[in-house]
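What the coordinates show
Here is how the chains run, residue by residue.
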Amino acid sequence: ADHRRIIVPITAQELGSRLRAARESCNLTQDDVAKHLGVSRSTVAQIELGNRAVSSIELDRLAFFFGRDIRDFVSESFEEEDALAALFRAEPQIASQEDVAASLRACVALGREITNLEKILGLDRELSAAVSYQVPVPRSRWEAIQQGERAGDQERRRLGLGSAPAPSLEELLETQAVRTGVVDLPDGVSGLTVNNRSAGIFIVANRRHAPVRRRFSFAHEYAHVLFDRRLLGTVSRVEDRDEMIEVRANAFAAAFLMPEEGVRRFIDLLGKGKPSRSSAQVFDEDGSVQAESRAEPGTQEIQVYDLVHLAHHYGVSRLAALFRLRNLRLVSQPEFDQLKAAEEAGRGRELASLMSLPDLTDREDKNGFRHRVLALALEGFRRDQITLSKLYELAALLSMTRKEVDQLLDQAPVSIAECKFAADSRGRV
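Treat the numbers as computed from the prediction; the structure is a model and nothing was measured.

**Let's talk about the packing of aromatic side chains**
Inspection of every chain in the model, using the stated rule, returns seven aromatic pairs. Seen from their ring centres, Tyr133 and Phe227 are 5.8 Å apart, and the 40° between their planes marks the pair as tilted. With Tyr133 in the loop between helix H7 (98-120) and helix H8 (141-158) and Phe227 in helix H10 (residues 211-227), this pair connects stretches of sequence that are 94 residues apart. Accessibility classification places Tyr133 together with Phe227 in one group, the buried group. Geometrically, the ring pair formed by Phe323 and Phe336 is edge-to-face, given 4.9 Å between the ring centres and 70° between the ring planes. You can see Phe323 sitting in helix H14 (residues 318-327) and its partner Phe336 sitting in helix H15 (residues 333-344), a full 13 residues away along the chain. Judged by its relative accessible area of 7%, Phe336 falls in the buried class. The ring of Phe227 carries the charged tip of Arg248 above its face, separated from the ring centre by 4.3 Å.

The structure is reproduced here in structure tokens:
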């Protein structure tokens, strides 16, 4: 938003009432707001009573603090609670951590900005929106697993992934109108999903977790997007892993990232995964002929180095790959226990290094849809739809400095000097 005078079609009392409702829906106090604005608590009280005017800059800062679009406060109608507010109310441990709450506000603000950019550039986002799976609430864990696995297979077919490893989930989800972000969340939270009216659907993974775990978390949260769209937001905690929607989301993530056909083919190419003894019969109308095959003892057993290779192939953790092998009955329970003990002892990591496989736990983050935001912002600037100051503002949400923006514009079709002249002379919004 720019900071010129905003025409408010409502009374000061109504605006104050809306600001109070938005604050309360986020479980924030007047002291919290006063600290954010740099004013006294009594000033905030007067604002909420409608006795003290609010500048456009203050309103913009309050909208960001409440996770709202500034237009929410000046429109004819007003919804007291939106997705981020509902999330903060349901998850006080998240709302109470200032750095976490600020990161989530920035994610929602960035999502809202890119949605606005798409609108002014005439891009129809709805055409690529993620589908929704309408299924009954699972009555048992087994049913939840079945729903998740079927949807994982179906979604791979819909997206044309076949049995190959899924590409970067950040980029894949962006094609489905799902924003992604990485935020420092509490240790027991792997990720969360926010369904915001103005910012769209946003899923966030825990930056504190290893990249391979975040990849699994993105797939897990995507399941909530597909199955649980009716909810304004969901938070995935370790302590809630037994809940039906969490079981279903985990089953979806495993099937989506490690398709059964692909895993079986991979193991088959290793010459493993077959029963130690096989038999077959060739039949004609007069009778049949039977043949038997018996593998050498121990030749079909999957080893730690096989697990390392499989996990690297699909970009998942070795434990996630191991559980997938067990669920597909490609390893027995005793074999599973043995491989799990070896992984916990550090043998998997050591073998990955010796096999010259990049350690996925140390892989650098992708900055979500950063590249798309930059591309849209530059295009909006080129078309005279946004100002240079707005471009700087968007870049700041991506942790870019003005100097970096200027360097970027040096490489754009319009020179930085011409851009600045155009921005100063036309006074674009």
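**A closer look at the sheet that holds strand S1 (residues 178-183)**
On the basis of which strands lie adjacent, the open sheet formed by four strands has the order S1-S3-S2-S4 and mixed pairing. Bordering the open sheet on either side are S1 and strand S4 (233-237), each of which pairs with just one other strand. The mean angle between the axes of side-by-side strands here comes to 15°, regardless of whether they run parallel or antiparallel. Contacting S1, strand S2 (189-196) and strand S3 (200-206), H7 runs over the sheet at an angle of about 155° to S1.

**Focus on H10**
The terminal C-alpha atoms of H10, which comprises 17 residues, lie 24 Å apart, in line with the 24 Å expected from a rise of 1.5 Å per residue. Summarising burial for H10: 15 of the 17 residues are buried, a large majority.

**Digging into the pattern of salt bridges**
Counted under the stated rule, the structure contains 24 salt bridges. The partner of Asp228 in a salt bridge is Arg230, with the nearest N and O atoms 3.6 Å apart. Residue classification places Arg230 among the exposed residues on the basis of a relative accessible area of 58%. The shortest N-O distance in the salt bridge between Arg318 and Glu343 comes to 2.8 Å. Taken as a pair, Arg318 in helix H14 and Glu343 in helix H15 lie far apart in primary sequence, 25 residues in all. The exposure class assigned to Arg318 is buried, which follows from its relative accessible area of 16%. Of the residues examined, Glu343 reaches a relative accessible area of 15% and is grouped as buried. Connected via shared salt-bridge partners are Arg23, Glu24 and Glu48.

Cut-offs applied
Residues numbered from 1 in each chain as written. Predicted model: local features only at pLDDT ≥ 70, side-chain atom pairs only at ≥ 80, totals over all residues. Heavy atoms only, no water. Phe/Tyr/Trp six-rings, centres within 6.5 Å; stacked < 30°, edge-to-face > 60°. Helix = DSSP H or I, 4+ residues; strand = E, 2+ residues; numbered from the N terminus. Buried < 20%, exposed > 50% of the residue type's maximum accessible area, 1.4 Å probe, protein only. Lys NZ or Arg CZ within 6 Å of the ring centre and 35° of its normal. Pairing = 2+ DSSP bridges. Axes fitted to C-alpha atoms, helices over the stretch in contact; angles between N-to-C directions. Contact = heavy atoms within 4.5 Å. Expected span 1.5 Å × (residues − 1). Salt bridge = Lys/Arg side-chain N within 4 Å of Asp/Glu carboxyl O.

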